[in-house]
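# Secondary and tertiary structure notes
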Amino acid sequence: MKWLLAAIWILAILFIHFRGKMRLPLRRQFLDHSILLAPINALMVLASRVPTTPYIASDTLPGLAALDANWRVIRDEALNLSRLQHIKAAEKHDDIGFNSFFKYGWKRFYLKWYDARHPSARELCPHTVALLEGIPGVKAAMFAELPPGGRLNPHRDPYAGSLRYHLGLATPNDDACHIDVDGERYSWRDGRSIVFDETYLHSAANDTGANRIILFCDIERPLRWRWAARLNQWFGRVVMSAASSPNEGGDQTGAINRLTYLHWRLEQKRRAFKRWNHKAYKAAKYGLILAAIAGFVLI
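Everything numeric here is computed off the predicted structure, so don't read it as measured data.

### Describing the sheet that holds strand 6 (residues 177-181)
- Pairing is antiparallel in the open sheet, where 4 strands are placed in the order 4-9-6-7. Looking at the sheet topology across the chains shown, the edges are occupied by strand 4 (151-155) and strand 7 (184-187). Taken pair by pair, the neighbouring strands of this sheet meet at an average axis angle of 15 degrees, ignoring direction.

### Some thoughts on helix 5 (residues 71-83)
- An ideal rise of 1.5 Å per residue puts 18 Å on 13 residues; helix 5 measures up with 18 Å between its terminal C-alpha atoms.
- Looking one or two residues beyond helix 5, the residue adopting positive phi is Gln85, at roughly 60 degrees.

### Let's talk about empty space enclosed by the protein
- By the definition in use, this model includes 1 cavity of 30 Å³ or more.
- Space inside the largest cavity adds up to approximately 130 Å³.
- Together, 17 residues line the largest cavity, and Trp106, Leu152, His166, Ile179 and Phe216 are the ones closest to its centre.
- When residues of the lining of the largest cavity are traced back to their parent elements, those giving at least two are strand 4, strand 5 (162-170), strand 9 (202-206) and strand 10 (212-220).
- Ranked by the residues each element gives to the lining of the largest cavity, the list is headed by strand 10, at 3 residues.
- Split by residue class, the lining of the largest cavity holds 11 nonpolar, 3 polar and 3 charged.

### Things to note about the pairing of strand 8 (residues 193-196)
- In strand 8, alternate side chains face the same way, and those of Ser193 and Val195 on one face and Ile194 and Phe196 on the other are all buried.
- Alignment of strand 1 (residues 55-56) against strand 8, held across 2 bridges, turns out to be antiparallel. Note that in strand 8 the partner of Tyr55 across the bridge is Phe196.
- The pairing of strand 5 with strand 8 spans 4 bridges and is classified as antiparallel. By the bridge assignment for strand 8, His166 is matched with Ile194.

### Some details on the sheet that holds strand 3 (residues 138-146)
- A sheet is described by the order of its strands in space; here 6 strands give the open sequence 1-8-5-10-3-2, paired in antiparallel fashion. The two strands at the open ends of the sheet, each matched to only one other strand, are strand 1 and strand 2 (107-113).
- As paired elements, strand 3 and strand 10 share 8 bridges and run antiparallel to each other. The partner of Glu145 across the bridge, within strand 10, is Ile213.
- Where helix 5 meets the sheet, it contacts strand 2, strand 3, strand 5 and strand 10, and its direction lies at approximately 75 degrees from that of strand 5.

Cut-offs used in this document
- Residues numbered from 1 in each chain as written.
- Predicted model: local features only at pLDDT ≥ 70, side-chain atom pairs only at ≥ 80, totals over all residues.
- Heavy atoms only, no water.
- Pairing = 2+ DSSP bridges.
- Helix = DSSP H or I, 4+ residues; strand = E, 2+ residues; numbered from the N terminus.
- Axes fitted to C-alpha atoms, helices over the stretch in contact; angles between N-to-C directions.
- Expected span 1.5 Å × (residues − 1).
- 1 Å grid on protein atoms, 1.4 Å probe; cavity = no way out; pocket = protein on both sides within 12 Å on 5 of 7 lines; lining within 4 Å.
- Points joined across faces, edges and corners; volume = space filled by probe spheres on them.
- Nonpolar A, V, L, I, M, F, W, Y, C, P; charged D, E, K, R; others polar.
- Buried < 20%, exposed > 50% of the residue type's maximum accessible area, 1.4 Å probe, protein only.
- Contact = heavy atoms within 4.5 Å.

In structure tokens form, the structure reads like this:
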């Protein structure tokens, strides 16, 4: 049974790896965080009721027209947050989904994250939160800021149970501020939206002198089979909610991100160990890998 499960997992990783034109080197793919959810991601893609192309027409998903129509209202609340410096990086390294983005200048303010509570969003962005609450398919939402010179390296998001919606709010309106999804480029424009599959390899860059602020939402992927949709909803409610990160002190921090902060503290000690004695560090690292493999074989 364990070898069957291992084979299914490896096949799922290869399926996700080869489904697009743009790929990570295979060795890096097997070390990428996206491999953790590869089996469930393969199921979500195979069960998808909407096209599994890199970009998807936004009118394919219900409710998004209301966001498009109210983009100026949403923009005003986003600009006010930006002036107050509430759109920012996580202060305690407790945002597992986006910790790696902050070093490139990317910032965020959560409006919604699955079933987690963000009182700060309701207080500071009442109109945007009300609009989002009127669209059941929106599972997560935030304002995302990419400053001049900011960029995100090629990556896959970890979960295929959702699709990504971007609505331009205050953008450079310039082709030099763009996102590439599986090699296809899109440049943000004020008041214009796009939906894409974030499990394709994608990257972003703002090579202009102006800031970029967008509304960034995760929309539940419509699925063919009711049992798969229920699985997707359960996973979002239990697992994805546990990855919530706070804007302010009164917001909820999920269990995964409490562990993420602990991991960050341990990571500092790991780096200190590596600086102290590189040879001892490599011996310990490969010793632990071999021990894990031996443990799996002996189970």
